[in-house]
Amino acid sequence: MIFSSILLFLSLMMSSPDINFLSDSTSTAAALDTIVLKPNEEIKGILAGQILSTKKKHRSEYAIRAYDWFKDAPVMGKEEIAIWLAKEYFLNDRLKCDSNTLFEMRAFVLMNEQSLLGMQAPPFTMKDTSGVEKSLSDLIYRGEYTILFFYSTDCIKCRMATAKLVDFVNDYNKGVLNVMAVCTDSSKSKWTQYINSHFYIYNPFVNWENVYDPEAESAYHMLYGVIDTPKIFLLDKDGIIKGRNLSVENIRELLENFNKEKEGMDEFFKGLFEQAADEEAVKSLIDLIYTRATVSENGVQGRLFNDIFHELYLYLKSSSNYDWQCGAAYIGEKYIVGMQDRWKNPNFVEKVRIAVELFNRNPLGSKAASLDLIVPGGIPLTLDDIYGDWKVLFFYSTSCGLCQEAGKLLAGMCAGFSNDAEKTHNVKFIAIYTGSNHQEWLGHVQDSPQSPFWHEVKTADENARDRMYESYDLSALPAIYLLDKQNRVVAKDLNPSTLEGLLKYILSKNDIQ
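Residues numbered from 1 in each chain as written. Predicted model: local features only at pLDDT ≥ 70, side-chain atom pairs only at ≥ 80, totals over all residues. Heavy atoms only, no water.

**Brief notes about the packing of aromatic side chains**
Put simply, the rule is: Centres within 6.5 Å make a pair out of two Phe, Tyr or Trp rings, where for Trp the six-membered ring is used; the pair is then stacked when the planes are under 30 degrees apart, edge-to-face when over 60, and tilted otherwise. To sort residues, take the accessible area from a 1.4 Å probe on protein chains only and compare it with the maximum for the residue type: under 20% means buried, over 50% means exposed, and anything in between is partly exposed. Working rule: Lys NZ or Arg CZ, within 6 Å of ring centre, within 35 degrees of ring normal, means a charge sits over the ring.
Across all of its chains, the model carries 37 aromatic pairs by this definition. Ring geometry for Tyr315 versus Trp324: centroids 6.0 Å apart, planes at 40°, classification tilted. The pair Tyr315 / Trp324 is uniform in exposure class, with both members buried. Relative to Tyr335, the ring of Tyr330 has its centre 6.2 Å away and its plane inclined at 85°; by these criteria the two rings are edge-to-face. Given a relative accessible area of 17%, Tyr330 falls into the buried group. An aromatic cluster of at least three residues, connected via ring pairs, comprises Tyr290, Phe305, Phe309, Tyr313, Tyr330, Tyr335, Trp343 and Phe348. Directly above the aromatic system of Phe258 lies the positively charged group of Lys242, at a separation of 5.7 Å from the ring centroid. Just above the ring of Trp441 sits the side chain of Lys458; from NZ or CZ to the centre is 6.0 Å.

Structure below.
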């Protein structure tokens, strides 16, 4: 994040204290404690200088002390220093140590070097209770943050952590949260019993997946260093590890800090872009920010380019302002995909490329792409067959908590417009099921609003469903579009509140006319 990067820069500018390892472990620990809050690269430089300036006969002893201290450092993310010391000095035989220490170093590096703070979370796929494969990569993109929770059913600490985690996620209200709960047992019966007894999740904004891998085919032990349990990681929406070896209390503190930081940045961007009158003004402001952010590639501005444009892209993309959404697409096309060599995370670049491609489908003013649909009775129809002065397309999934909440709001909105006795506000709400399970859809339809202004439909077949995904941006659900009588796109990427305000404004203008 940007504020963290600024703090990093300021800390790099501070002078490094002289470290004196002296001759005992207590003095070494006290010395290392004075530099632990510094950036890892700076710490490595300090340690390398100290080891080099130490008499040869003491170098191995002092380096081992530093390794032991950083292996269990009180500050998250400093395990990287221990791994660096092991690889830089001992695993390549530059310095000597006894066979037991060397074996322990090899094991520590092997179990931790793939899941360090700031790294891309190693992907894996496991099966849920029904035998369906669930991918961590797929889950990550469904929410703001993902909690990776490794546990075993006979672990007392795991049960305590489970209770705290369930309480936390059920109370969480700062956005969509993902949890992948990985059971490390080999007994499926114990696993399913544990799920039924402990994982009661009722927050609709939590995507919770229960998975296990009894044969360890995913190698999760090696990928995430799961030697004992519980073991908890926190990932951001790009799959970057933001916390490791956490407690539930740690997660709460981290998310509170991240959300406060994001709120501050959002307010800054809001004040900045409210001055832009149209799409071209938005793009001009983005270009100006780029110029300012790259004044000096060796200065803080240069290092903050990725932080600024990452956050700015996400902020504009999530806005209900179409000009700002166009600005996000502009950033994605020009400054992310167009400058992909500047971005360390190829997955993020590819995700942005796809998002820009999807956004450019069905632009405002164009006729919405045709859909081959059916009603619950199996009768085929298209958007042209549904008559209305205005049409709301509501794409949803039955397993999506946000979709459930949005559906309730839209149903209330539909009732409000259809009950207007004085004016004929012919607004049709078209709820489009995006899944492929016909029976699941029919079960959902039974609880849907019974109104001539509300239409429950789904694609006619798999080919029609594929065409729907090719024609509309359904990367995040719910997806809401507003069309006019000719099926031209008036607005898209709406939330229920923005839609309601827009409809009231449009209908009031029509009433005056």
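The discussion continues.
**Observations concerning the layout of surface pockets**
The condition that has to hold: Think of a 1 Å grid over just the protein atoms. A cavity is a set of points where a 1.4 Å probe fits yet cannot get out, a pocket is an open set with protein on both sides within 12 Å along at least five of seven lines, and lining residues have an atom within 4 Å of a point. Grid points are joined across faces, edges and corners, and a volume is the space filled by probe spheres set on the points. Helix and strand assignments come from DSSP, with helices taken as H or I runs of at least 4 residues and strands as E runs of at least 2, each series counted from the N terminus.
Within this model, the second largest pocket holds a volume of roughly 350 Å³. Lining the second largest pocket we find 14 residues, and of these Lys157, Thr229, Pro230, Leu246 and Ser247 sit closest to its centre. Elements that contribute at least two residues to the lining of the second largest pocket include exactly helix H8 (156-171), strand S6 (231-236) and helix H11 (248-273). If you tally residues by element for the lining of the second largest pocket, the top one is H8, at 4 residues.

**A short note on the sheet that holds strand S14 (residues 489-491)**
Put simply, the test is: By definition, two strands form a pair when at least two bridges between them are found by DSSP. Residues count as neighbours in contact if any of their non-hydrogen atoms are within 4.5 Å of one another. Axes here refer to lines fitted to C-alpha atoms; in helices the fit is confined to the stretch in contact. Angles between the N-to-C directions go from 0 to 180 degrees.
If you trace the 7 strands from one edge of the open sheet to the other, you get S9-S8-S12-S11-S10-S13-S14, paired in mixed fashion. Of all strands in the sheet, those bounded by a partner on one side alone are strand S9 (380-381) and S14. With 7 bridges joining them, strand S10 (residues 390-396) and strand S11 (residues 427-433) adopt parallel strand pairing. Directly across from Val392, in S11, lies its bridge partner Phe429. The sheet strands contacting helix H17 (residues 438-445) are strand S8 (373-374), S10, S11 and strand S12 (454-459), and the helix crosses S12 at an angle near 175°. Its contacts with the sheet put helix H18 (residues 462-471) on S10, S11 and S12, and the angle it makes with S12 is roughly 105°.

**Thoughts on the nonpolar core**
Put simply, the test is: As used in this record, nonpolar core signifies buried Ala, Val, Leu, Ile, Met, Phe, Trp, Tyr and Cys residues forming a set joined through side-chain atoms within 4.5 Å.
Core analysis: the biggest nonpolar cluster contains 34 residues, and Phe273, Ile286, Phe309, Tyr313, Leu316 and Ile331 have the highest contact counts within it. Mapped onto this core, the elements with two or more residues apiece are H11, helix H12 (279-293), helix H13 (300-317), helix H14 (322-337) and helix H15 (346-359). A total of 9 residues in this core trace back to one element, the largest contributor, which is H13. Contact partners of Leu316, with chain neighbours within four places excluded, come to Phe273, Ile286, Trp324, Gln325, Gly327, Ala328 and Ile331. In terms of nonpolar packing, the next biggest core, distinct from the first, is built from 31 residues, Phe168, Cys183, Ile195 and Phe199 among them.

**Brief notes about the side chain of His310**
Under the convention used in this document: Here a polar contact means two N or O atoms within 3.5 Å. Within protein one must be a hydrogen donor candidate and the other an acceptor candidate, and residues neighboring in sequence count only if both atoms are side-chain atoms.
By the secondary structure assignment, His310 is in helix H13. Owing to a relative accessible area of 13%, His310 belongs among the buried residues under this scheme. Of note is the side chain of His310, whose polar atom sits 2.4 Å from the side chain of Asp238. Those residues within four positions of His310 in sequence are excluded, and the remaining contacts are Asp238, Trp343 and Phe348.

**Here's the deal with the environment of Ala219**
Within the fold, Ala219 resides in the loop between strand S5 (206-212) and helix H10 (220-224). When its relative accessible area of 33% is taken as the criterion, Ala219 is described as partly exposed. Residues Ala219 and Trp84 lie 135 residues apart in sequence; the distance between their C-alpha atoms is 23 Å.

**Thoughts on the confidence of the model for the protein chain**
Selection criterion: The predictor attaches a confidence to each residue, and that confidence, scored 0 to 100, is pLDDT.
On average, residues of the protein chain score 87 in pLDDT, and 91% of them are at 70 or above. Contacts from residues 1-18, a stretch scored under 50 in pLDDT, to residues over four places away or in other chains number 32 contacts.

**Some points on helix H3 (residues 40-53)**
The cut-off we apply is this: The span you would expect from a helix comes to 1.5 Å times its residue count less one.
With 14 residues, H3 extends 20 Å from end C-alpha to end C-alpha; this agrees with the ideal 20 Å at 1.5 Å per step. When we look at burial in H3, the residues that qualify are Asn40, Glu42, Ile43, Lys44, Ile46, Leu47, Gln50 and Ile51.

**Focus: the pattern of salt bridges**
This is how it is decided: Every case where a carboxyl oxygen of Asp or Glu lies within 4 Å of a side-chain nitrogen of Lys or Arg is listed as a salt bridge.
Going through the model one piece at a time under the given rule, you end up with 27 salt bridges. A salt bridge links Arg244 to Glu79; the shortest N-O distance between them is 2.9 Å. Here Arg244 is found in strand S7 (residues 241-244), whereas its partner Glu79 is found in helix H5 (residues 79-90), with 165 residues between them in sequence. Residue class for Glu79 comes out buried when judged on its relative accessible area of 10%. Close ionic contact of Lys504 with Glu500 constitutes a salt bridge, the shortest N to O distance being 3.6 Å. With Lys504 and Glu500 both in helix H19 (residues 496-512) and 4 residues apart, the pair spans about one turn of that helix. Connected through shared salt-bridge partners, Glu350, Arg353, Glu357 and Arg361 make up one network.

**Comments concerning the side chain of Thr434**
Topologically, Thr434 is positioned in the loop between S11 and H17. You can call Thr434 buried: its relative accessible area is 3%. In this view, Thr434 contacts Phe395, Tyr396, Ser397, Arg465, Met468, Tyr469, Leu474 and Leu477; residues no more than four positions away in its chain are not counted.

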